[in-house]
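# Survey of secondary and tertiary structure
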Amino acid sequence: MHEVVTDRDGGDAGAVPAAAFRFGTRSQPVARQSWPDLAAPGKFMDVDGRSSIASFLADAAKATAKRYGQPVPPCAAAVENDFWGEWARAGDAADAAPKGRPPPQPMWVNYGNDVEGSLFAAAGKGCPLSDSPWNLRRLPHARGSLLAGMTGPAAVPGVTTPMLYIGGLFAAFGWHVEDAALYSINFAHAGHPKIWYGVPAADADAFEAAVATCAYAAGLKGRGGRPLSPCAAAAATAAVLAAKTTLVPPGALLAAGVRVHRVTHEPGTYVLTLPRAYHGGFSAGVHVGEAVNLATADWLPFGLDAADRHSALRSRAVVDVEGLLLGEAERVVGAAAAARGGAR
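Heads up: these notes are all about the structure in this document. Throughout, a residue's number is its position along its own chain's written sequence, starting from 1. With pLDDT at 70 or above as the cut-off, local features in this predicted model cover only qualifying residues; side-chain atom pairs require 80 or more to be listed or tallied, and sums for whole chains, interfaces and linings still use all residues. Neither water nor hydrogens contribute to the side-chain values; these are computed over all heavy atoms in the structure.

## Details of the overall build of the protein chain
Filter applied, for reference: Secondary structure elements follow DSSP: runs of H or I no shorter than four residues count as helices, runs of E no shorter than two count as strands, and numbering proceeds from the N terminus. We compute the radius of gyration from the C-alpha atoms alone; for a globule the expected value is 2.2 Å times N to the 0.38, where N is the number of residues. Contacts are assigned to residue pairs that have any heavy atoms within 4.5 Å of one another. Here the accessible surface of atoms and residues is derived via Shrake-Rupley with a 1.4 Å probe, and residues count as covered only by protein chains that are part of the display. A residue counts as positive if it is Lys or Arg and as negative if it is Asp or Glu; His and the chain ends are not included. Charge coordinates come from a single atom per side chain, which is NZ of Lys, CZ of Arg, CG of Asp or CD of Glu.
Tallying secondary structure elements over the protein chain gives seven helices and 15 strands in all. Taken over the C-alpha trace, the protein chain has a radius of gyration of 21 Å; the compact-globule value for 344 residues is 20 Å, and the two agree within 12%. By principal-axis analysis of the C-alpha atoms, the protein chain measures approximately 80 × 50 × 35 Å. At a minimum sequence separation of 6, the contacts of the protein chain that also span at least 24 residues come to 78%. For the protein chain, the exposed area adds up to about 16900 Å²; of that, 58% sits on carbon and sulfur atoms. Within the protein chain, one finds 30 positive and 30 negative side-chain charges whose respective centroids are separated by 4 Å.

## A closer look at the nonpolar core
Applicable threshold: Buried residues of nine kinds, namely Ala, Val, Leu, Ile, Met, Phe, Trp, Tyr and Cys, make up a nonpolar core once their side-chain atoms join them within 4.5 Å. For each residue, the accessible area found with a 1.4 Å probe, counting protein chains only, is set against the maximum for its type, and the residue is called buried under 20%, exposed over 50%, and partly exposed in between.
If you look at the biggest cluster of nonpolar residues, it comprises 36 residues, and the most contacted ones within it are Phe-83, Trp-175, Phe-207, Val-211, Tyr-216, Leu-253 and Phe-282. If you list the elements that add at least two residues to this core, you get helix H2 (76–96), strand S9 (172–176), strand S11 (194–199), helix H3 (204–214), helix H4 (230–241) and strand S14 (278–283). Setting aside chain neighbours within four positions, we find Phe-282 in contact with Val-79, Glu-80, Phe-83, Trp-84, Phe-170, Ala-171, Ala-172, Phe-173, Lys-194, Ile-195 and Tyr-197. One finds Phe-120, Leu-136, Met-150 and Val-319 within the second-largest nonpolar core, a separate group that totals 21 residues.

## Overview of the sheet that holds strand S4 (residues 26–30)
The condition that has to hold: Note on pairing: DSSP must find at least two bridges between two strands before they are called paired.
Taken together, the seven strands give an open sheet; going across it, the order is S5-S4-S7-S8-S15-S10-S13, and neighbouring strands pair in antiparallel fashion. Each edge of the open sheet is held by one strand with a lone partner, namely strand S5 (45–46) and strand S13 (270–273).

## Observations concerning the sheet that holds S9
As a reminder, the rule being used: For helices, the axis comes from a line fit to the C-alpha atoms of the stretch in contact; other axes are also lines fit to C-alpha atoms, and the angle between any two N-to-C directions lies between 0 and 180 degrees.
An order of S9-S14-S11-S12 is seen for the four strands of this open sheet, with the pairing classed as antiparallel. The open sheet has two edge strands, S9 and strand S12 (261–265), and neither has a second partner. Pairs of neighbouring strands in the sheet enclose a mean axial angle of 15°, with direction left out of account. Relative to S12, S11 is paired through five bridges, and the arrangement is antiparallel. Each bridged residue has a counterpart across the sheet, and for Gly-198 the counterpart in S12 is His-261.

## As for the environment of Tyr-111
Considering the arrangement of structural elements, one finds Tyr-111 in strand S7 (residues 107–116). Along the sequence, Tyr-111 and Pro-74 sit 37 residues apart, while their C-alpha atoms lie 20 Å from each other. With sequence-adjacent residues up to four places away left out, Tyr-111 is seen in contact with Thr-25, Arg-26, Gln-28, Phe-56, Tyr-165, Ile-166, Gly-167, Ala-171, Ala-172 and Lys-194.

## A few points about the packing of aromatic side chains
So the rule is basically this: Aromatic pairs are defined between Phe, Tyr and Trp rings, using the six-membered ring for Trp, whenever the two ring centres lie within 6.5 Å; interplanar angles under 30 degrees are classed as stacked, those over 60 as edge-to-face, and all others as tilted.
Enumeration over the complete set of coordinates arrives at 16 aromatic pairs. Ring centres 4.9 Å apart and planes at 85° place the aromatic pair Phe-83 and Trp-84 in the edge-to-face group. Take Phe-83 and Trp-84: they sit in the same class, and that class is buried. Summarising the aromatic geometry, the rings of Trp-175 and Phe-207 are spaced 5.1 Å apart at their centres and angled 50° between planes, so their arrangement reads as tilted. In this pair, Trp-175 sits in strand S9 while Phe-207 sits in helix H3, placing the two residues 32 residues apart along the sequence.

In structure tokens form, the structure reads like this:
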């Protein structure tokens, strides 16, 4: 890792030596959460101060050594069992705490997520992937991408420019779909594997219903303990999921009839998530990843559906889906006109 690039126009104006780069982190509990109040879904807390990549990874290695007696964690499958075991034990301990007394403190981990920047070099820099179409700084603006025109002031960090995800053992990302139901592509730069779970878009509604039952049941009761209406419950569920702090084990989803797929994301490889495919997971050790979004023509129906959902929830959309649709229509009409002209 030689430098971190934060320039939003694809150049190197924002390049910072990796040793000098600083970023903020969030602290998150490894514990099953109760959700009695869906209006206050924030479970991850910002940590004071800023970390360097080297110091963060050193602290993360120490935390791994404390748990396993060595700085290198066991295999990903063993860490996966340990993660969900810790998650359940801490939740059970909190539930069993006497009323009026604070519950036992769960294990807390820090995660540098949504860090603006990229570890991919600019084109022409001679790095193995700098000139590749798989360079995440270039991919959203590649030929055929509907996001290609979103540069400069129109750029959206994490959507049209990459973000870094720097985590240690058990650093988790809650279940979510991408903004505007976009594709996402994720590259593992270094470290240990990351465990991903994914739900196909065809099961998205069933997933939301299962999460409402498994995680949010207490908070979905209205005044007097009566359940919210189906529409109100669906809106509340979507709003809490959007905070990306909800973890539900895949076994609970499978038991509810939701299809769940799993992948072990190894360093040097990519993971692609599809439109409106819910996904979540955690790091099986120190992990440095990077992600950005994509939009191709086949995404448009999902994008328009997402825009309708944003409107129903009265939430702000980060992508002008109708504008992208209009731009794509103009491109297709222009290409057809040019083809007719060339045929004369």
